[in-house]
Amino acid sequence: MFQTIAVIGAGTMGNGIAHVFAQFGYKVNLIDLNNEQLDKALQTISRNLERQVSKGLLSEEDRSAAYERISTFNAIEEGVKDVQLVVEAASESINIKLEVFKALDKHAPQEAILATNTSSISITRIAAVTNRPGKVIGMHFMNPVPVMKLVEIINGYATESEVTESITTLSKSIQKIPCVVNDYPGFIANRILMPMINEAIYSLYEGVAGVNEIDTVMKLGMAHPMGPLQLADFIGLDVCHSILQVLHEGFGNPKYAPCPLLTNMVTARKLGVKTGEGFYTYASGSKELQVSNRFSRQ
C-alpha cells in the first residue's frame, strides 16, 4: 500500500523517522522550511547509517540504497503531492500542528493517511481541522527512532479501523512493535512517564534527595536504563513541561501540574542536552555526566 512516505520536520524525530522508512525500502520525502535543517538532517542520517554498517547491522550496499531513497523538499505542496502517507514530526505545538494539518489536507492526495508523531496532543483535535478525520492517526515513535522498537499508535475519535490496521502493518514492516491506544491526554507512554519525571523533580525541589541519588535509586532499584532526571534532560525540559501542561489541562487534575522548579528551568532556558545544561551539564565531546552546579551545591 505504501510506496512513498512524506515526513514533515527534519529535526531529531523527523530525521530518525525518515531514516527508518528509507532503511526498510520506502521512498521518503523529507520536508522542512529550513534548508539548513534539511542539510543537517541528511548529515545525521548518513552518520547513523554508517554507524549501523560499522556495527554489522547494515551492508554498505543497503546503506547507500537507503540514503538514495530520501529526497528533500522545503514546501509541503511539492513534497506530499504523490504520497500515500504523511508523518508529521514538527514542533510539539498545537498551533503549529493544526496549521500543518490544514495544509496537508489541502495538498496531499485524498486517499493519503495523515499521521502525527505527537507525544501528547489530541489526535481528535488535529483531525477536526481536516476533511478526512477518519484518515488521521497518531504514530508516536520513540527517540532515538532507529534504535527504539516501540511505535505508539493512537486512534482518534473518528479514525477508521482500516487505517489503524494499515499503520500497524507498516510499523511491523520496519521492525517496530506497535501498541494501539486511544486518544486521551498523554496517551499511555507520557501519561505514565511524565508524572514519574515530575515527581522526581518535586523530590529534588523539596530537598528529599540530590540529582545523583534520585537517578541512582531508579536505575539500580527499578532497573531503568537511565534515571528520570537524566531522561528529562534527554527528552528536553521544555517538552516535558509542555506535555505536563497538556495532561493538566486535559484532566483538570492538579497532580499533573508541572513542578515549579521545572517551570523555572524552562523559563531560564536550561532545557537539558540541547542547551548544554539541565539537571546535568553536557560538555561537547564528554561522555561523563556532571550534575549541574545549580544542584551540586544543594
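Residues numbered from 1 in each chain as written. Predicted model: local features only at pLDDT ≥ 70, side-chain atom pairs only at ≥ 80, totals over all residues. Heavy atoms only, no water.

- As recorded by an unreviewed UniProt entry, the protein chain carries the name 3-hydroxybutyryl-CoA dehydrogenase and is attributed to Flavihumibacter solisilvae.
- The UniProt entry for the protein chain carries this comment under Sequence similarities (unreviewed entry): "Belongs to the 3-hydroxyacyl-CoA dehydrogenase family." (UniProt positions renumbered as here; feature names shortened; annotations may be inferred.)

Brief notes about the nonpolar core
Here comes step 1: Ranked by internal contacts, the top residues of the largest apolar core, which has 36 residues, are F21, F141 and I167.
Here comes step 2: Ranked by the residues each element gives to this core, the list is headed by helix α1 (residues 12-23), at 6 residues.
Here comes step 3: Residues contacting F141, with those up to four places away along its chain left out, are M13, I17, F21, V87, N117, L150, V151 and I174.
Here comes step 4: Among the nonpolar cores identified, the runner-up in size contains 25 residues, and I201, L229, L247 and V291 belong to it. (Core = buried A, V, L, I, M, F, W, Y, C linked by side-chain atoms within 4.5 Å. Buried < 20%, exposed > 50% of the residue type's maximum accessible area, 1.4 Å probe, protein only. Helix = DSSP H or I, 4+ residues; strand = E, 2+ residues; numbered from the N terminus. Contact = heavy atoms within 4.5 Å.)

Describing the packing of aromatic side chains
Here comes step 1: Following the criterion strictly, the structure yields 5 aromatic pairs and no others.
Here comes step 2: Ring plane angle 85 degrees and centroid distance 6.1 Å describe the contact between F21 and F141, whose orientation is recorded as edge-to-face. Taken together, the residues span a long stretch of sequence, with F21 in helix α1 and F141 in strand β6 (residues 136-141) at a distance of 120 residues.
Here comes step 3: Centre to centre, the rings of Y202 and Y205 are 6.0 Å apart; their planes meet at 70 degrees, and the pair counts as edge-to-face. Taken together, the residues span about one helical turn, with Y202 and Y205 both in helix α8 (residues 189-205) at a distance of 3 residues.
Here comes step 4: By relative accessible area, which is 23% here, Y202 ends up partly exposed.
Here comes step 5: Each residue in the set F21, Y26 and F141 is aromatic and connected to the rest through ring pairs, giving one cluster. (Phe/Tyr/Trp six-rings, centres within 6.5 Å; stacked < 30°, edge-to-face > 60°.)

Here we look at the UniProt feature "binding site: NAD(+)" (unreviewed entry) in the protein chain
Here comes step 1: Per the UniProt annotation, the sites labelled "binding site: NAD(+)" (unreviewed entry) are G9, A10, G11, T12, M13, G14, D32, E92, K97, S119, N143 and K274.
Here comes step 2: Note on placement: G14 falls in helix α1.
Here comes step 3: G14 gets classed as buried once you look at its relative accessible area, which sits at 0%.
Here comes step 4: Ignoring anything within four residues of it in the chain, the contact list for G14 reads V7, G9, L30 and A89.
Here comes step 5: For K97, a relative accessible area of 1% puts it in the buried group.

Some points on the sheet that holds strand β8 (residues 177-182)
In any sheet, the strands associate via hydrogen bonds between backbone groups, in a parallel or an antiparallel arrangement.
Here comes step 1: Strand order in the open sheet made by the 8 strands is β3-β2-β1-β4-β5-β6-β7-β8, with mixed pairing throughout. Each edge of the open sheet is held by one strand with a lone partner, namely β3 (70-73) and β8. Between one strand and the next, the sheet's axes are offset by a mean angle of 25 degrees, whatever the strand orientation.
Here comes step 2: Against the sheet, helix α5 (residues 94-107) touches β1 (4-8), β4 (85-88), β5 (113-116) and β6, its axis set at about 165 degrees to β5. (Pairing = 2+ DSSP bridges. Axes fitted to C-alpha atoms, helices over the stretch in contact; angles between N-to-C directions.)

Focus on the pattern of salt bridges
Here comes step 1: Scanning all chains against the criterion turns up 10 salt bridges.
Here comes step 2: As a salt-bridge pair, R63 and E60 come within 2.7 Å of each other at their nearest N and O atoms. Here the residue R63 and the residue E60 both occupy positions in helix α3 (residues 60-68), the gap between them amounting to 3 residues, near one helical turn.
Here comes step 3: R63 gets classed as buried once you look at its relative accessible area, which sits at 13%. (Salt bridge = Lys/Arg side-chain N within 4 Å of Asp/Glu carboxyl O.)

Some words on unusual backbone geometry
Here comes step 1: Backbone torsion omega between N143 and P144 reads 0 degrees, so that peptide bond is classified as cis.
Here comes step 2: One can find P144 in the loop between β6 and β7 (150-155).
Here comes step 3: Positive phi, normally seen in glycine, also occurs at A223, with a value near 60 degrees.
Here comes step 4: Within the secondary structure, A223 sits in the loop between α9 (211-222) and α10 (228-235).
Here comes step 5: Even without a glycine there, the phi angle at R269 is positive, about 65 degrees.
Here comes step 6: In this fold, R269 is placed in the loop between α12 (260-267) and β9 (280-281).

Remarks on the domain arrangement of the protein chain
Here comes step 1: Annotation of the protein chain at the domain level lists domain 1 (4-182) and domain 2 (188-291).
Here comes step 2: For domain 1 and domain 2, the distance between their C-alpha centroids amounts to 26 Å.
Here comes step 3: Both sides of the domain 1 and domain 2 interface together cover about 640 Å² of buried area, and 57% of this is carbon and sulfur.
Here comes step 4: For the pair domain 1 and domain 2, the interface holds 0 salt bridges.
Here comes step 5: Summed over the shared surface of domain 1 and domain 2, the number is 3 residue pairs in polar contact (both at pLDDT 80 or more).
Here comes step 6: Residue composition of the side of domain 1 that touches domain 2, by class: 3 nonpolar, 4 polar and 2 charged. (Domains from an automatic or database assignment. Buried area = accessible area lost by both parts, 1.4 Å probe. Polar contact = N/O pair within 3.5 Å; in protein donor to acceptor, adjacent residues only side chain to side chain. Nonpolar A, V, L, I, M, F, W, Y, C, P; charged D, E, K, R; others polar.)

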